[in-house]
Amino acid sequence: MKTFSAPRVVRSFIWPQSHSCNNLLALISLRHQSSYRRTRSRLNIKPDPSFLPSKTEPHDHIIYNPPPSAPNVYHTPTIFLPKTDRRRQLHEEAAARNSRLSATSSSPPPELPPPVRPTYQKRYHLTQEDMEEMRRLRREDPIEWSANKLAKKFDTSSIFVAFVTEGIAKEKREQQKQVTEIVKSRWGVKRRTAREDRALRKERWGRDA
Amino acid sequence: MKRLRLLRWSDTVLSPRTRPRTIISPQCQCRRWQSATHQPFLREAHSSKDVQGQVPDTLSEEHLLRLPSPPIQAASSSAKLAALHARLQLPSRLPLQVLARTLVDPSADPSPQFNNNPFSILGNDFLGYYTSEYIICRYPRLPLAVVFAAMYAYVGPKALAAITREWGVEAAAHPGGEVDPGYLQFRRVAPESDMGSKPSALISPMPDASSGWKRRGISSRTVHDDEFGDVRQSAKDKEASSTAIEGVTEEKASTNFVRALTGALYLHSGRAAVKSFFREHFMSRQLNIASLFNFRHPQRDLSRLCAREGFQSPVARIVSETGRKSRHPVFVIGVFSGHEKLGEGAGSSLDEARTCAAVAALKGWYLYSPTELRVPSEMEEPGARKWDRLLVDPGDIVV
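Residues numbered from 1 in each chain as written. Chains lettered and ligands numbered in written order. Predicted model: local features only at pLDDT ≥ 70, side-chain atom pairs only at ≥ 80, totals over all residues. Heavy atoms only, no water.

As annotated in an unreviewed UniProt entry, chain B is Large ribosomal subunit protein mL44 from Endocarpon pusillum. Database annotation for chain B, UniProt heading Subcellular location (unreviewed entry): "Mitochondrion". Reading the Sequence similarities (unreviewed entry) entry of the UniProt record for chain B gives the comment "Belongs to the ribonuclease III family. Mitochondrion-specific ribosomal protein mL44 subfamily." (UniProt positions renumbered as here; feature names shortened; annotations may be inferred.)

Labelled according to an unreviewed UniProt entry, chain A appears under the name Mitochondrial ribosomal protein subunit L20-domain-containing protein, originating from Endocarpon pusillum.

Rendered as structure tokens:
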């Protein structure tokens, strides 16, 4: 405990207000014997029931309890199997058997997990006139009518705006490229390295999975 | 199919060296039909035959030094060659003399009657055919770029060079008649020569603009290029390169050797022996095809795939997550089409996990494999079952 008293004094000297000092001290983690015991007892998790001695099996038996891991890509999902493949039929039989078992135990059918982004229905609400208007605005003042602004005005996505107004404001595109170049030229070593590393990591997403 | 009577073929196909001993007349046994540089040897061989009435078993050191590759008599007394024959469990119908010939690269001995070039052309066709039919029948939906990469991994030059090393074939420092015929004989590239004249297709996927005809796309490669999707060398280029470059690399020589051995095996032991040889030495190698993929826009590709095949459009859903507000969060995201899970991926951000899930789903589609593997070359065997048609895939996803 003696070792921790010194920094407290220093910090109270730097920040003389007592309440801010207390707030800061609350953030510093102090490791006491009591917290160690608490952590240990919290990590002492009860093992999976399949590892405990079985009540139904009187003899030695095999316990199959694999660790959670990503599904194998060589196991084709049922929907991807061709119509003639025999595995499709086998999967259907297994699913029917499982549903019969779950029906006897009267549990509700499993729900789908929540989506990452809210699901939406495609709306085909823009007419030919709207698109002409979009192009006209973009052609007249590309600085003012950016893709995002047009998307907001016509209640659509900026990708759709890009499809519609493709190749109209080439100067704006070049200008934007130059601006980006200038901004990038001001980056220091650390930021440049970090951005490049991030791009490399992102490239590997499409390869490793 | 009618079986070929290979031993009855004419001399144009089987050179004197490759025929069984009984057919060879004693006159041709040690004669070397070569260019004029070896005239002294021929004359002396004739004179010695005239004097003694039989061919000498051992040649003098002086004769051996003049030969570009080991003579035919040396094959039967080479321990290395016999050991290689036994180690590879080659059939006894493949003579040691032919095995010795497969080890002679064209750069060591330019005469096509003594080097392995004719064998390697035949063997290359066999390796390419058996490998491609195996890959395509095993994974009928693979994109062509991945098929090319898999071909390169199974029977590409690097793989064949590795196989040569695994077989324990050592390279001679310099070819010559006095060298043990159990060594791989080739003339090495001079150390100062320029090797980086033409990069491999795997390094530069697009053909360079300097070649004049700009071809793009993977489909033209199936028609115009070789089995690895590499630009095929035209006859004129080959001639120019052969005059310009004196030697070859060890990788090239090893490649030629493995191909030549396959070709020689076919000529002497037939198709069944080649198939079992291929199965034991090439198909037994492990290749994780899933690691050959590289997707640029997996989510877009997956939604196009689902639209093409008439599935519901894919939706990414969070299966589980931990530490969302910590420094190292982990998200597990599954891609669902309706109630069917297509793929699952984990990542430290929602975007990464979503992309990985889409990649896993696409790999699940492309890596479909039928339960029963049958290849077209099975039908060449006597008493083969009736052929069922294979799955023919509509093709890659083109966006």
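Each helix and strand in chain A was counted, giving 9 helices and 0 strands. Counting helices and strands in the order they occur from the N terminus, chain A gives α-α-α-α-α-α-α-α-α. Here chain A, with 209 residues, has 14% of them falling under the buried criterion. Taking as baseline every contact in chain A between residues at least 6 positions apart, the subset at least 24 positions apart corresponds to 37%. As presented, chain A carries roughly 18,400 Å² of accessible surface, and 55% of it is formed by carbon and sulfur atoms. (Helix = DSSP H or I, 4+ residues; strand = E, 2+ residues; numbered from the N terminus. Buried < 20%, exposed > 50% of the residue type's maximum accessible area, 1.4 Å probe, protein only. Contact = heavy atoms within 4.5 Å. Areas by Shrake-Rupley, 256 points an atom, 1.4 Å probe, with all protein chains shown as cover.)

Let us look at the overall build of chain B. Counting its secondary structure elements, chain B contains 13 helices and 3 strands. Counting contacts in chain B only where the partners sit at least 6 residues apart, residues at least 24 apart contribute 63% of the total. A total of about 21,600 Å² of accessible surface is found on chain B, and carbon and sulfur atoms cover 53% of it.

To continue, consider the interface of chain A and chain B. Facing the 25 residues of chain A at the interface are 43 residues of chain B. Where chain A abuts chain B, roughly 2,900 Å² becomes buried across the two surfaces, and 64% of that area is made up of carbon and sulfur atoms. Viewed at the interface, chain B and chain A are joined by 0 salt bridges. One can count 11 residue pairs in polar contact (both at pLDDT 80 or more) joining chain A with chain B. Looking at the side of chain A that touches chain B, the element that brings in the most residues is helix α9 (residues 189-208) of chain A, giving 5 residues. (Buried area = accessible area lost by both parts, 1.4 Å probe. Salt bridge = Lys/Arg side-chain N within 4 Å of Asp/Glu carboxyl O. Polar contact = N/O pair within 3.5 Å; in protein donor to acceptor, adjacent residues only side chain to side chain.)

This part is about a positive patch on the surface. Residues and elements named next belong to chain A. Taken together, the side chains of Lys184, Arg191, Arg192, Arg195, Arg198, Arg201 and Lys202 define a basic patch exposed on the protein surface. With 6 residues, α9 is the largest single contributor of residues to the positive patch. On the accessibility criterion, arginine 192 (31% relative accessible area) is partly exposed. (Patch = residues over 30% accessible without salt bridge, like charges linked within 9 Å, V, L, I, M, F, W, Y side chains within 5 Å. Lys, Arg positive; Asp, Glu negative; His and termini not counted. Charge placed at Lys NZ, Arg CZ, Asp CG, Glu CD.)

What follows concerns the pattern of salt bridges. Applying the stated rule across the entire model yields 19 salt bridges over all chains. Among the ionic pairs, A:Glu133 bridges to A:Arg136, the shortest N-O distance being 3.0 Å. Residue A:Glu133 and its partner A:Arg136 are located together in helix α5 (residues 128-140), separated by 3 residues, close to a single helical turn. Residue classification places A:Glu133 among the partly exposed residues on the basis of a relative accessible area of 29%. We classify A:Arg136 as partly exposed; its relative accessible area is 34%. Put simply, B:Glu166 and B:Arg285 hold a salt bridge, and the shortest N to O gap is 3.1 Å. Pair noted here: B:Glu166 is in helix α7 (residues 157-166) and B:Arg285 is in the loop between α11 (271-281) and α12 (298-309), with a separation of 119 residues, a long-range link. The class for B:Glu166 is exposed, based on a relative accessible area of 56%. Bridged by salt links that share partners, the residues A:Glu133, A:Arg136 and A:Glu140 form one connected network.

All names here are of chain B. Summarising burial for strand β2 (residues 330-337): 7 of the 8 residues are buried, a large majority. Sheet topology places strand β1 (residues 315-322) next to β2; 7 bridges connect them, and they run antiparallel. Bridge pairing in β2 places serine 320 opposite valine 332. Alignment of β2 against strand β3 (residues 340-347), held across 7 bridges, turns out to be antiparallel. Opposite phenylalanine 336, over in β3, you have lysine 341 as the bridge partner. (Pairing = 2+ DSSP bridges.)

Before going further, it helps to spend a moment on the packing of aromatic side chains. Taken as a whole, this structure holds 15 aromatic pairs over all chains when the rule is applied. Geometrically, the ring pair formed by B:Tyr129 and B:Tyr130 is tilted, given 5.5 Å between the ring centres and 35° between the ring planes. Classification of B:Tyr129 as partly exposed rests on a relative accessible area of 36%. With centroids separated by 5.6 Å and ring planes inclined at 15°, the aromatic side chains of B:Phe293 and B:Phe295 adopt a geometry described as stacked. For the residue pair B:Phe293 and B:Phe295, the accessibility class agrees, reading buried in each case. Between the NZ or CZ atom of A:Lys153 and the centre of the ring of A:Phe154, over which it lies, the distance is 5.6 Å. (Phe/Tyr/Trp six-rings, centres within 6.5 Å; stacked < 30°, edge-to-face > 60°. Lys NZ or Arg CZ within 6 Å of the ring centre and 35° of its normal.)

This next bit is on the packing of helix α10 (residues 250-269) of chain B against α11(B). Two quantities define a packed helix pair, namely the angle between the axes and the distance from one axis to the other. Residue and element names in this part refer to chain B. Interhelical geometry of α10 versus α11 gives an angle of 145° and a closest axis separation of 7 Å. For the pair α10 and α11, contact is made by Leu261, Thr262, Leu265, Tyr266 and Ser269 and by Arg271, Ala273, Val274 and Phe277, respectively. Its residues assigned to classes, the contact of α10 with α11 shows 6 nonpolar, 2 polar and 1 charged. (Axes fitted to C-alpha atoms, helices over the stretch in contact; angles between N-to-C directions. Nonpolar A, V, L, I, M, F, W, Y, C, P; charged D, E, K, R; others polar.)

Residues and elements named next belong to chain B. Across the sheet, which stays open at both edges, the 3 strands sit in the order β1-β2-β3 with antiparallel pairing between neighbours. Across the chains shown, the open sheet's two edge strands, defined by having one partner strand only, are β1 and β3. Within this sheet the neighbouring strands show an average axis-to-axis angle of 20°, counted without direction. Lying on the sheet, helix α13 (residues 350-366) is in contact with β1, β2 and β3; it crosses β3 at an angle near 135°.

This part is about the nonpolar core. Ranked by size, the top nonpolar core spans 75 residues in total, and within it B:Leu142, B:Trp167, B:Phe257, B:Leu261 and B:Phe282 carry the most contacts. Dropping the residues within four chain positions of it, B:Phe257 is found in contact with B:Leu84, B:Thr102, B:Leu103, B:Asn116, B:Thr164, B:Trp167, B:Val169 and B:Leu184. Core analysis: the second largest hydrophobic core is formed by 10 residues, A:Leu126, A:Leu150, A:Phe154 and A:Val161 among them. (Core = buried A, V, L, I, M, F, W, Y, C linked by side-chain atoms within 4.5 Å.)

The end-to-end C-alpha distance of α13(B) is 24 Å, a good match for the 24 Å that 17 residues give at a rise of 1.5 Å each. Of all 17 residues in α13(B), 15 are buried; the element is thus mostly enclosed. (Expected span 1.5 Å × (residues − 1).)

You will see that A:Asp155, though not glycine, has its phi angle at about 55°, which is positive. By secondary structure assignment, the location of A:Asp155 is in the loop between α6 (147-153) and α7 (158-164). The class for A:Asp155 is partly exposed, based on a relative accessible area of 44%. Unusually for a residue other than glycine, B:Gln89 sits at a positive phi of about 50°.

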